[in-house]
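Residues per chain, in single letters:
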Amino acid sequence: MKKLLTVILTLFFAGALVFAAGDKDTSSQKDSSGLGTKLVLYSSMTEFDLEALLSCFNEKYPNINVEVVSGAAGEFVARIKAEANNPQGDVTWGGLCDSDGDRYSDLFEHWVSDETKYAMEGYSTPNGFYSMDHLSTVCFCVNTELEAKLGMKITSYADLLDPRLKGKIVLSNPNSSSAAWNNLCNIFSVFGYDTPEAWNYMEKLMANLIVVKSSSVCFNSVHDGEYVVGLTYEDGAVKLLQNGAKNIRVQYPDEGTSAAAYGVAVIKNAPHMAAAKAFADFICSAEGQTAVAKYMEGTLRLTNRNYKIPSGAWLKASSDIKWVNRPVKKVTDGKTAMLDKWNTLWARISK
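Residues numbered from 1 in each chain as written. Predicted model: local features only at pLDDT ≥ 70, side-chain atom pairs only at ≥ 80, totals over all residues. Heavy atoms only, no water.

- The protein has the name Extracellular solute-binding protein in an unreviewed UniProt entry, where Treponema parvum is given as its organism.

Structure follows, in structure tokens:
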């Protein structure tokens, strides 16, 4: 894997690091593009995602120095709110989901990239300020060694209810993790939105769950042998395989899977507005997505219908996956109520 060209600058808040993309000082550079020479990006994407995008972005815009503040999506929301009167960031990538609706309307510019008109059907902007660029598909990350020791073959939601998996399934907290909320949405897609069947399944599943803060734990800890199964998203788990992991399997549930669309948004009154919009245009364009997909060897599903998937892509072909329809509007409108139900149920079962 290519080495990420980053330099740690400082800590902005607990658990989040700030990086500078590129290895040159741009303070004295002249800007011939009219875009400026600086961009501050808040991102919940993985280090490799950032490496891929920033490397490709800087191929096209070498004079824009991108500083990355890396952390969880919930942390960025709080940070942007706190900085509303004096914005420090320009753009956010990752953690902005189609099921958010317009709940963050006051935080972002009501602008979307013109490139979103080329988005695949069903993955256009949900609110007028998110430009959707990639998909996060629900899957299980299964430790095959531990699975074999239990004498199991885990392929379905039904399999997750097996008593042998008590305390051996990990999920991040859906109140703060978009990846965990994505997994809950898929359960609603499979068993029915807010139906007795869905909540009956959720209650049984909770008996086997361990809930953690970070979404990356749900594949990294499975690889490390701490858990048998992680309820996660495919690109995080697939990257482990790409990096040589031999003890995990990416499993799409037999009952079906679905994908959430995630996007990029320009922070309201961003200090480097032109560069922020250029960044959004790039990651939503066929040119940008083709470059990123090639760099990543096809480990992230992207939204532009004209981007080219590289040969030998690590992701399973869409045609080989069983897909279920996701009721996006229902899960968007009902998110608060669904999380309230989840929290009440989890508080009782996890005692």
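Observations regarding the overall build of the protein
1) Next: Along the backbone of the protein there are 11 helices and 12 strands.
2) Next: Expected size for 351 residues packed as a compact globule is a radius of gyration near 20 Å; at 20 Å, the protein falls within 12% of this value.
3) Next: The C-alpha extent of the protein, read off along each of the three principal axes, is 65 × 40 × 40 Å.
4) Next: Looking at the protein alone, contacts between residues at least 24 apart form 76% of all its contacts between residues at least 6 apart.
5) Next: Carbon and sulfur atoms make up 51% of the accessible area of the protein, which totals about 15,200 Å².
6) Next: The positive charge centre, built from 35 side chains, and the negative charge centre, built from 39, are 3 Å apart in the protein. (Helix = DSSP H or I, 4+ residues; strand = E, 2+ residues; numbered from the N terminus. Rg over C-alpha atoms; globule rule 2.2 N^0.38 Å. Contact = heavy atoms within 4.5 Å. Areas by Shrake-Rupley, 256 points an atom, 1.4 Å probe, with all protein chains shown as cover. Lys, Arg positive; Asp, Glu negative; His and termini not counted. Charge placed at Lys NZ, Arg CZ, Asp CG, Glu CD.)

Side note on the environment of K316
1) Next: Relative to the helices and strands, K316 resides in the loop between β12 (301-302) and α10 (328-333).
2) Next: Residue K316 is classed as partly exposed on the basis of its relative accessible area, which comes to 41%.
3) Next: Between the alpha carbons of K316 and V250 there is a distance of 9.4 Å; along the sequence they are 66 residues apart.
4) Next: In contact with K316, other than residues within four places in its own chain, are Y252, R301 and I321. (Buried < 20%, exposed > 50% of the residue type's maximum accessible area, 1.4 Å probe, protein only.)

A look at the pairing of strand β7 (residues 169-172)
1) Next: Side chains I169 and L171 project from β7 onto one buried face, and the interleaved V170 and S172 project onto a second face that is buried too.
2) Next: As paired elements, β7 and strand β8 (residues 209-212) share 4 bridges and run parallel to each other. Looking across to β8, one finds that I169 is bridged to L209.
3) Next: Taken together, the 2 bridges between β7 and strand β9 (residues 229-233) define a ladder with parallel strand orientation. When the sheet's bridge partners are listed, V170 is paired in β9 with G230. (Pairing = 2+ DSSP bridges.)

Structural notes on helix α1 (residues 47-60)
1) Next: The end-to-end C-alpha separation of α1 is 20 Å, in line with the 20 Å expected for 14 residues at 1.5 Å each.
2) Next: Taking burial as the measure, the 14 residues of α1 include 10 buried ones, the bulk of the element. (Expected span 1.5 Å × (residues − 1).)

Some remarks on the nonpolar core
1) Next: Ranked by size, the top nonpolar core spans 35 residues in total, and within it L39, L41, I64, V66, W93, V264 and F279 carry the most contacts.
2) Next: Secondary structure elements with two or more residues in this core: β3 (38-43), α1, β4 (65-70), β5 (91-97), β11 (259-266), α8 (273-284) and α9 (286-296).
3) Next: If you tally residues by element for this core, the top one is α8, at 8 residues.
4) Next: Among the nonpolar cores identified, the runner-up in size contains 33 residues, and L184, A198, L209 and L345 belong to it. (Core = buried A, V, L, I, M, F, W, Y, C linked by side-chain atoms within 4.5 Å.)

Observations regarding the state of the cysteines
Among covalent bonds in proteins, the disulfide is the one between the sulfur atoms of two cysteines.
1) Next: The final tally for this structure, using the stated rule, is 0 disulfides.
2) Next: Here C56 stays free of any disulfide, with the sulfur of C284 as its closest cysteine sulfur at 15 Å.
3) Next: C185 forms no disulfide, and the closest cysteine sulfur to it belongs to C97, at a distance of 6.6 Å. (Disulfide = S-S within 2.5 Å.)

Quick look at the packing of aromatic side chains
1) Next: Applying the stated criterion across every chain yields a total of 16 aromatic pairs.
2) Next: Ring centres 5.4 Å apart and planes at 10° place the aromatic pair Y42 and F76 in the stacked group. Linking Y42 in strand β3 with F76 in helix α2 (residues 73-82), this pair joins segments that are 34 residues apart in sequence.
3) Next: Under the relative-accessibility criterion, Y42 is labelled buried at 0%.
4) Next: Every member of this aromatic cluster is reached through a ring pair, and the members are F57, Y61, F279 and F282. (Phe/Tyr/Trp six-rings, centres within 6.5 Å; stacked < 30°, edge-to-face > 60°.)

Some points on the pairing of strand β10 (residues 248-251)
1) Next: Side-chain alternation along β10 places I248 and V250 on one buried face and R249 and Q251 on a second face that is also buried.
2) Next: The pairing of strand β6 (residues 131-143) with β10 spans 4 bridges and is classified as antiparallel. The residue of β10 that forms the bridge with C141 is V250.

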